[in-house]
Amino acid sequence: MRKIVIGVMGPGERATINDLQNAYKLGELIAQQGWILLTGGRNIGVMDAANKGAKSLDGLTLGILPSSKEDGISEAVDIAIFTDMGNARNNINVLSSNVVIACGMGAGTASEIALALKENKPVILLTDDKESKNFFKKLSPENVYIVESALDAIATVQEYLA
């Protein structure tokens, strides 16, 4: 049986304190479930926070990197995949995840959400951005789940996988 891969996507440089706290907690909760955490793998923002949360509980972390270079990788990434594809790697992130959790919002995150919805993948939105919630829910009401906390996000993943 294939392991469950949960993609946590979110802003890098523009992540808020709330985004970082939510991402760290998501990482912990994903590790507790025995799922694999997939992120963009960089050592900034939501990617780094989620990886650190997962590693704090010995979770397995997978980073899909935009470049071919080893600099800028989160120290909490176990398996680094170097794509040299820049933002085109977002499609790999989405296609490799069973469920996508968007933690916060930015242009890269929005592109990952849109790609996931085109693939009919479930997307869980954990963001304070009301416009984004409304926009993505309108695009795909059956695949977008809006939550208020990391715990709610994991409960939603569990319901979806059941």
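A few points on the structure. In this text, all values refer to a predicted model and were calculated from it rather than measured experimentally.

## Concerning the environment of Leu57
Following the sequence through the fold, Leu57 ends up in the loop between helix H2 (45-55) and strand S3 (60-65). The residues touching Leu57, leaving out its near neighbours within four places in the chain, are Glu28, Ala31 and Gln32.

## Observations concerning helix H5 (residues 130-139)
Listed as buried for H5 are Ser132, Lys133 and Phe136. Projected onto a plane normal to the axis of H5, the buried residues spread over an arc of 100° and lie on a single side. Those residues of H5 that are exposed and angled more than 90 degrees off the buried face are Lys130, Glu131, Asn134 and Lys138. Sitting at the head of H5, Asp129 places a side-chain oxygen 3.1 Å from the backbone nitrogen of Glu131.

## Things to note about the packing of helix H1 (residues 17-33) against H2
Where H1 contacts H2, the two axes come as close as 6 Å, and the packing angle between them is 35°. As for the relative orientation of H1 and H2, their crossing is right-handed in sense. Here Asp19, Leu20, Ala23, Tyr24, Gly27, Glu28 and Ala31 of H1 lie close against H2, whose contacting residues are Gly45, Val46, Ala49, Ala50, Lys52, Gly53 and Ala54. Class assignment for the residues of the contact of H1 with H2 results in eight nonpolar, three polar and three charged.

## Regarding the layout of surface pockets
Looking at the largest pocket, its volume works out to about 360 Å³. Along its surface, the largest pocket is lined by 21 residues, and Gly10, Pro11, Gly12, Gly108 and Thr109 are the ones closest to its centre. Looking at the lining of the largest pocket, the elements that each hand over two or more residues are strand S1 (5-9), helix H3 (89-95) and helix H4 (107-118). Among the elements that make up the lining of the largest pocket, the one with the highest residue count is H4 (four residues). Taken together, the residues of the lining of the largest pocket sort by class into seven nonpolar, nine polar and five charged.

## Remarks on the pairing of strand S2 (residues 36-39)
Residues Ile36 and Leu38 point to one face of S2 and Leu37 and Thr39 to the other, with burial holding for every one of them. In terms of strand pairing, S1 meets S2 through three bridges, oriented parallel. Across the sheet, the residue bridging to Ile6 is Leu37, located in S2. Regarding the hand of the β-α-β motif, the stretch spanning S1, H1 and S2 is right-handed. Where S2 lies against S3, four bridges are found, and the strand directions are parallel. Directly across from Leu38, in S3, lies its bridge partner Leu62.

Conventions and cut-offs
- Residues numbered from 1 in each chain as written.
- Predicted model: local features only at pLDDT ≥ 70, side-chain atom pairs only at ≥ 80, totals over all residues.
- Heavy atoms only, no water.
- Helix = DSSP H or I, 4+ residues; strand = E, 2+ residues; numbered from the N terminus.
- Contact = heavy atoms within 4.5 Å.
- Buried < 20%, exposed > 50% of the residue type's maximum accessible area, 1.4 Å probe, protein only.
- Arc of directions from axis to C-beta.
- Polar contact = N/O pair within 3.5 Å; in protein donor to acceptor, adjacent residues only side chain to side chain.
- Axes fitted to C-alpha atoms, helices over the stretch in contact; angles between N-to-C directions.
- Left-handed = near helix turned anticlockwise from the far one by under 90°.
- Nonpolar A, V, L, I, M, F, W, Y, C, P; charged D, E, K, R; others polar.
- 1 Å grid on protein atoms, 1.4 Å probe; cavity = no way out; pocket = protein on both sides within 12 Å on 5 of 7 lines; lining within 4 Å.
- Points joined across faces, edges and corners; volume = space filled by probe spheres on them.
- Pairing = 2+ DSSP bridges.
- Right-handed = clockwise from strand over helix to strand, strands pointing away.

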